[in-house]
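Next come the chains, spelled out residue by residue.
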Amino acid sequence: MKTKINAIIIDDEKNALESLALKVAKYFPEITVTHKFQNPQKAVQEINQNHPDLLFIDIEMPVLSGFDVLSKIENPNFEIIFVTAYSEYAIEAIKHCAIGYIIKPIDNDELQLAIGNALKNINQKSALEKNRLLLQNLVNNGNSTIVIPTQKGLSLIKIADIIRFEGIDGYTKIILGNSNSILSSYSIGKFSKIVSLHHFYLVHKSHFINLNYINEYLNEGYIIMINKDKVPIAKAKRTSFLEKIKNI
């Protein structure tokens with residue numbers, strides 16, 4: 001039985017990062033949090049050099065998501081506990097692979113249960129297989145279909161066929177690769193959660209784009225999509241967006 005456990009925490013929100021570290025120290029003194037990262041790119045370097053026994057990682061982060069980070073680890077042979085406030089789709093993917101997760105705001109009992117399970121699993125050395133299965137499932141999800149409520153009824157659309165979402169007065173316009181579009185009663189925020197496992201990015205409060213269909217970035221703060229649509233990028237999002245596309 002391993003008695004000393006090294007852990008790393010990754011969360012772009014400093015308060016969440018520090019709060020989780022304090023909780024881990026309080027309930028599990030045998031766990032040493034060796035590093036806390038707000039920058040997931042720096043975390044990737046550290047993890048590849050010095051693999052932890054346990055990784056706590058937020059799913060929704062700018063530039064690199066938790067899943068993006070995992071995909072960049074050369075040999076992800078450690079237990080993972082995902083921390084998230086979003087996406088029932090993400091939770092289903094994680095549960096399917098028997099990987100731990102905690103919902104924000106963090107409940108102390110749920111945290112202790114997740115960590116307790118992770119500590120048991122560390123000695124079974126099965127993390128590598130589970131993590132690889134999760135990554136494989138996330139890749140395969142690129143062919144997933146979502147159900148979109150419309151005025152006429154329901155439309156089944158392949159996620160890979162969606163170029164972008166545009167919020168319009170509480171509704172969402174979905175622009176497809178075949179030059180067609182659909183108007184849905186779902187808000188753009190709802191869609192941002194539904195497809196959070198896929199290669200989409202919220203560049204503006206009203207514009208959620210498929211990163212696979214970007215044609216050009218303009219210095220004045222616009223993106224030209226593959227269908228020639230010109231989409232604005234919120235000023236506060238430009239730096240993180242440029243970092244995001246560098247990591248595609």
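Preceding this paragraph is the structure being described.
Residues numbered from 1 in each chain as written. Predicted model: local features only at pLDDT ≥ 70, side-chain atom pairs only at ≥ 80, totals over all residues. Heavy atoms only, no water.

Trainee: Got a minute to help me understand the environment of Leu119 in this structure?
Mentor: Residue placement: Leu119 occurs in helix α5 (residues 108-122). Sequence separation of Leu119 and Thr3 is 116 residues, and the distance between their C-alpha atoms is 9.6 Å. Contact partners of Leu119, with chain neighbours within four places excluded, come to Ile5, Phe28, Glu30 and Ile31. (Helix = DSSP H or I, 4+ residues; strand = E, 2+ residues; numbered from the N terminus. Contact = heavy atoms within 4.5 Å.)

Trainee: Just to check I follow, could you spell out the sheet that holds strand β1 (residues 5-10) for this structure?
Mentor: Sheet strands pair by backbone hydrogen bonding; their relative direction is either parallel or antiparallel. Taken in spatial order, the five strands line up as β2-β1-β3-β4-β5 in an open sheet, and their pairing is parallel. Two strands lie at the open edges of the sheet, namely β2 (31-37) and β5 (100-103), each paired on one side alone. Strand-to-strand twist of the sheet, defined as the mean angle between neighbouring strand axes without regard to direction, takes the value 20°. Direction of pairing for strand β3 (residues 54-58) relative to strand β4 (residues 79-84): parallel, over a ladder of five bridges. (Pairing = 2+ DSSP bridges. Axes fitted to C-alpha atoms, helices over the stretch in contact; angles between N-to-C directions.)

Trainee: I keep staring at the sheet that holds strand β11 (residues 200-204) and nothing clicks. Help me out?
Mentor: With respect to topology, five strands assemble into an open sheet ordered β10-β9-β8-β12-β11, the strand pairing being antiparallel. Looking at the sheet topology across the chains shown, the edges are occupied by β10 (181-184) and β11. Within the sheet, the average angular offset between the axes of one strand and its neighbour, ignoring direction, is 20°. In this sheet, strand β12 (residues 207-210) lies alongside β11 in antiparallel orientation, the contact comprising four bridges.

Trainee: What is the right way to look at the packing of helix α1 (residues 14-27) against α5 in this model?
Mentor: The angle between the axes and the distance between the axes are what describe a pair of packed helices. Contact pair α1 / α5: the axes reach a minimum separation of 11 Å and the direction vectors enclose 70°. Looking at the two axes, α1 sits roughly perpendicular to α5. Between α1 and α5 the crossing geometry is right-handed. Counting all contacts with α1, which are made through Leu20, Lys23, Val24 and Tyr27, the residues of α5 involved are Asn108, Leu111, Gln112 and Ile115. Residue composition of the contact of α1 with α5, by class: five nonpolar, two polar and one charged. (Parallel < 35°, antiparallel > 145°, perpendicular 65-115°, else oblique. Left-handed = near helix turned anticlockwise from the far one by under 90°. Nonpolar A, V, L, I, M, F, W, Y, C, P; charged D, E, K, R; others polar.)

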